[in-house]
Amino acid sequence: MMPAIALIALQGQLIAMLAAQNAVLAARVAELEERLARLERAASRNSGNSSLPPSMDDQPGRTPPPGKPQRGRRGKRNPGKQPGAPGSHLAWSENPDRTVPHFPRGACACGADLAGAADLGVAASHQEVEIPEMAAAVIQHDVHEVACRCGRVHRAPAPAGTGVPGTVTYGISLQAWCVYLMAAHRHPGAPAARS
């Protein structure tokens, strides 16, 4: 049998060795916990909570983004005009600017041409609000000169915004339209110039 002092010394060595192993294992556990947290954070990223494109959402291990709420469900507003809100619509015009008649074409089942059939009147009507097509107009500014009785010659001033005599420039309305296309619609310069 081992003397008590030797046993105590052996136990002390064993405790020191176990403490060292415990410290190594604790460090390894901390390292693995940090790695696991990084991997979980990376796996939970999707197009809804990061800058990843939607095409990455269906990769294995990725959490899909939450679905969008459906309209019309309980507790949600229904689409369209809400009850009690004033409505708005395109009003029927009693005096349209232009009326286009549409007649049936072709032949009847009996073989007679429908062009010679008796007109029974309008069966249905539909109105369409249309903006007239715009066309560019060329405006020539003629600056005249006049001679006074005293012999002096006077020339009319050129209208504001016109260029050098003998040149062609764009008018203020067309310039404003181009600025509108490029600024309000973020239309790049080259395509706007072709429009």
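Just so you know, these numbers come straight off a predicted model, no measurement behind them.

Quick notes on the rules
Numbering of residues begins from 1 in every chain and follows the order in which that chain's sequence is written. At least 70 in pLDDT is required for a residue's local features to be given in this predicted model, at least 80 for side-chain atom pairs to be given and counted, and no such filter applies to totals for whole chains, interfaces and linings, which use all residues. Heavy atoms from the whole structure form the basis of all side-chain values; hydrogens and water molecules are not counted. Each helix corresponds to a stretch of at least 4 residues labelled H or I by DSSP, and each strand to a stretch of at least 2 residues labelled E; elements are numbered beginning at the N terminus. Under the scheme applied here, a residue whose accessible area is under 20% of the maximum for its type counts as buried, over 50% as exposed, and between as partly exposed, the area being computed with a 1.4 Å probe on protein chains only. We call two residues in contact whenever any of their non-hydrogen atoms come within 4.5 Å of each other. The method behind every accessible area is Shrake-Rupley, applied with a 1.4 Å probe, and residues are considered shielded solely by the protein chains displayed. Here, a salt bridge means any side-chain nitrogen of Lys or Arg that lies within 4 Å of a carboxyl oxygen of Asp or Glu. Residue count minus one, scaled by 1.5 Å, sets the expected span of a helix. Known as pLDDT, the predictor's confidence for each residue is given on a scale from 0 to 100. Within the patch definition used here, like charges are joined within 9 Å and nonpolar side chains (Val, Leu, Ile, Met, Phe, Trp, Tyr) within 5 Å, considering only residues with over 30% relative accessible area and no salt bridge. Note on disulfides: each one is a pair of cysteine sulfur atoms within 2.5 Å.

**So, the overall build of the chain**
Part 1: Within the chain, the regular secondary structure consists of three helices and two strands.
Part 2: In the chain, the order of α-helices and β-strands from amino to carboxyl end is α-β-β-α-α.
Part 3: Residues counted as buried form 3% of the 195 residues belonging to the chain.
Part 4: A separation threshold of at least 6 residues defines the contact pool for the chain, and within that pool the share at least 24 residues apart is 9%.
Part 5: Surface accessibility of the chain: about 18600 Å² in total, with carbon and sulfur atoms responsible for 60%.

**A closer look at the pattern of salt bridges**
Where charged atoms from two side chains of opposite charge approach closely, those side chains can pair.
Part 1: Enumeration according to the criterion identifies three salt bridges in this entry.
Part 2: Across the pair R38 and E34 runs a salt bridge, and its minimum N-O distance is 3.4 Å. Note that R38 and E34 are positioned in helix α1 (residues 4-44) at a spacing of four residues, about one turn of the helix.
Part 3: Across the salt bridge formed by R155 and E145, the nearest N and O atoms sit 2.9 Å from each other. Linking R155 in strand β2 (residues 153-155) with E145 in strand β1 (residues 145-147), this pair joins segments that are ten residues apart in sequence.
Part 4: A residue is classified by how much of its surface remains accessible, and R155, at 57% relative accessible area, is exposed.

**Details of helix α2 (residues 172-184)**
Part 1: Taking 1.5 Å per residue, 13 residues should reach 18 Å; α2 reaches 17 Å between its end C-alpha atoms and fits that length.
Part 2: At the exit of α2 stands R186, carrying a positive phi of roughly 50 degrees.

**A few points about the confidence of the model for the chain**
Part 1: Per-residue pLDDT for the chain has a mean of 80; in total, 85% of the residues score no lower than 70.
Part 2: No element of the chain has a lower mean pLDDT than helix α3 (residues 189-194), at 56, and none a higher one than α1, at 90.

**Description of a nonpolar patch on the surface**
Part 1: Where nonpolar side chains cluster on the molecular surface, the patch consists of Y170, L174, W177 and Y180 and spans about 460 Å² of accessible area.
Part 2: With respect to the secondary-structure elements, W177 resides in helix α2.
Part 3: By relative accessible area, W177 is classed as partly exposed at 44%.

**Observations concerning the state of the cysteines**
Part 1: For the coordinates displayed, the defined rule picks out zero disulfides.
Part 2: In this model C108 remains outside any disulfide bridge; the closest cysteine sulfur is found in C110, 3.8 Å from its own.
Part 3: On the basis of relative accessible area, C108 is assigned to the partly exposed category, the value being 37%.
Part 4: Under the relative-accessibility criterion, C110 is labelled exposed at 63%.

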